[in-house]
Amino acid sequence: MPKLILSMDGLVLKEIPLKKERLTIGRKPDNDVQIDNLAISGHHAVITTILQDAFLEDQNSTNGTYVNGQPIKKYVLQNNDVIELGKYRLKFLADSAQGGLAPSDFVDTAALKPIVPNPAAEFASVSGAGEAPATQTQVLSGSARPAEASSEPLGQRMGVVQILSGANAGRELELAKSLTTLGKPGKQVAVIARRPHGYFITHVEGASFPQVNGRPIDAQAHRLEDHDIVEIAGVKMEFFLRP
C-alpha cells in the first residue's frame, strides 16, 4: 500500500497509509490530513489513489503545491517524490513489496500491436503524422500487481482502444491493466481505470479536458461505453469491448 511520510524541518511527524481512494489535505479539521498552519489553505490538495498509483491535485491553494521543488496543479506521483506544503514535507512511497511496479516503471513496452523491433521507443508514441519526437504522445501504464494486471473480472469483456489518427492509426492497446495513462505530459494527460463494473476515464493534467464523442468530460470519472470516440492530446481513438 502506498503511503506518505509527513515531516517538518527534517523531523518525521507521522506516517499516512493511502487507504482511501480520495485523501484531502488542508488546514481545516474536515480534511483527512489536517495541517494547522496559516501557510496551508483550508482545502489545499487532494491525492487520488487507485491501487499502487496516486495522483496529486492542488485545490487552488493560496501558496501552491510543490513536488520536488516544482509548482504543480495535477501530477502523477512517483516513488520518493516529495510534496512541499509550506514548511511541511510529504514523501510519497510506493509499496512494491507485493510485486507491483513503481510509478517510475510505468512505461508499457508491449501493449500496442503489431509488435515492433524497438517496442520501448515505438510504444512511447501515439502521435500525429509529422510530429517531432519531443511532442509525441506518451502512453504510460500504471499497473497493479502482475496477477491482477492480466486477470479479467468475471463477466467483463476486455476493453481496447484503437488509434484512429496519426502515424500509429490502426494499432490497438488492450486495457488489461488496472490503470492506463494516456497523453502528452505537460499538455494533456488522462487515465483509464479498469474497474469490475466498467472502464472509466479521468482527466489528470492539462488546461483542457479529454473529449468523449466530441464533448469534453468534466473533473469526475466518466464511464466509457462500447465504441465511444475518445480524443486525448489531439489523438483520436475508439474504445470498444472485445467480444
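Thresholds applied
Residues numbered from 1 in each chain as written. Predicted model: local features only at pLDDT ≥ 70, side-chain atom pairs only at ≥ 80, totals over all residues. Heavy atoms only, no water. Pairing = 2+ DSSP bridges. Helix = DSSP H or I, 4+ residues; strand = E, 2+ residues; numbered from the N terminus. Salt bridge = Lys/Arg side-chain N within 4 Å of Asp/Glu carboxyl O. Buried < 20%, exposed > 50% of the residue type's maximum accessible area, 1.4 Å probe, protein only. Polar contact = N/O pair within 3.5 Å; in protein donor to acceptor, adjacent residues only side chain to side chain. Phe/Tyr/Trp six-rings, centres within 6.5 Å; stacked < 30°, edge-to-face > 60°. Lys NZ or Arg CZ within 6 Å of the ring centre and 35° of its normal.

Participant: Would you mind going over the pairing of strand β1 (residues 3–8) in detail, with residue names and values included?
Facilitator: Where β1 meets strand β11 (residues 88–93), six bridges bridge the pair, whose relative direction is antiparallel. When the bridges of β11 are listed, Ile 5 appears paired with Lys 91. Pairing between β1 and strand β2 (residues 11–17): six bridges, direction antiparallel. The partner of Leu 6 across the bridge, within β2, is Lys 14. In textbook terms, the turn of a hairpin is the stretch between consecutive antiparallel strands, and for β1 and β2 this stretch comprises two residues, one of which, Asp 9, has a positive phi near 55°.

Participant: Just give me the short version of unusual backbone geometry, but keep the residues and values in it.
Facilitator: In the Ramachandran plot, Asn 80 falls in the positive-phi region, its phi being about 75° despite a non-glycine side chain. Structurally, Asn 80 is set in the loop between β9 (74–76) and β10 (82–85). Notably, Asn 213 is not glycine yet its phi reads approximately 55°, a positive angle.

Participant: Account for the pattern of salt bridges, naming residues and giving values.
Facilitator: When the charged atoms of two side chains lie near each other, side chains of opposite charge can form a pair. Summed over the entire model, instances satisfying the criterion amount to seven salt bridges. In this structure, Lys 3 and Glu 15 form a salt bridge, with 3.4 Å as the shortest nitrogen-oxygen distance. Separated by 12 residues along the polypeptide, Lys 3 in strand β1 and Glu 15 in strand β2 bring together distant segments of the chain. Classification of Glu 15 by relative accessible area gives partly exposed; the value is 47%. Between Lys 20 and Asp 32 there is a salt bridge, and its shortest N-O distance comes to 2.7 Å. Here Lys 20 is found in the loop between β2 and β3 (22–26), whereas its partner Asp 32 is found in the loop between β3 and β4 (33–34), with 12 residues between them in sequence. Because the salt bridges share partners, they merge into one network encompassing Glu 172, Glu 174 and Arg 242.

Participant: Got a sec to walk through the environment of Leu 77? Specific residues and values, please.
Facilitator: Turning to its location among the elements, Leu 77 is positioned in the loop between β9 and β10. Looking at Leu 77, the relative accessible area reads 1%, which means it is buried. Taking C-alpha positions, Leu 77 is 10.0 Å from Lys 91, a pair spaced 14 residues apart along the chain.

Participant: Give me the lowdown on the side chain of Gln 188, citing residues and values where you can.
Facilitator: Among the secondary structure elements, Gln 188 is positioned in strand β17 (residues 188–195). Among the polar contacts listed, one links the side chain of Gln 188 to the backbone oxygen of Phe 209, at a separation of 3.5 Å.

Participant: Before we move on, can you summarise the packing of aromatic side chains with the specific residues and values?
Facilitator: One pass over the structure, following the stated rule, counts one aromatic pair. When the ring centre of Phe 200 is taken as reference, the NZ or CZ atom of Arg 195 above it lies at 5.0 Å.

Participant: Provide a residue-level description of the sheet that holds β3, including the pertinent values.
Facilitator: In spatial order, the strands read β4-β3-β5-β6-β9; together these five strands make up an open sheet with mixed pairing. On the outer flanks of this sheet lie β4 and β9, each paired with one strand and no other. By the bridge criterion, two bridges tie β3 to β4 in an arrangement that is parallel. Within β4, the position partnered with Ile 25 by the bridge is Val 33.

Participant: Break down the pairing of strand β14 (residues 159–163) for me, with residues and values.
Facilitator: By the criterion of burial, β14 is predominantly enclosed, with four of the five residues buried. In the sheet, β14 pairs with strand β23 (residues 235–241) via five bridges, with the strands oriented antiparallel. Looking at the pairing, Ile 163 lines up with Met 237 of β23. Pairing between β14 and strand β15 (residues 172–174): three bridges, direction antiparallel. Paired with Val 160 across the strands is Glu 174, a residue of β15.

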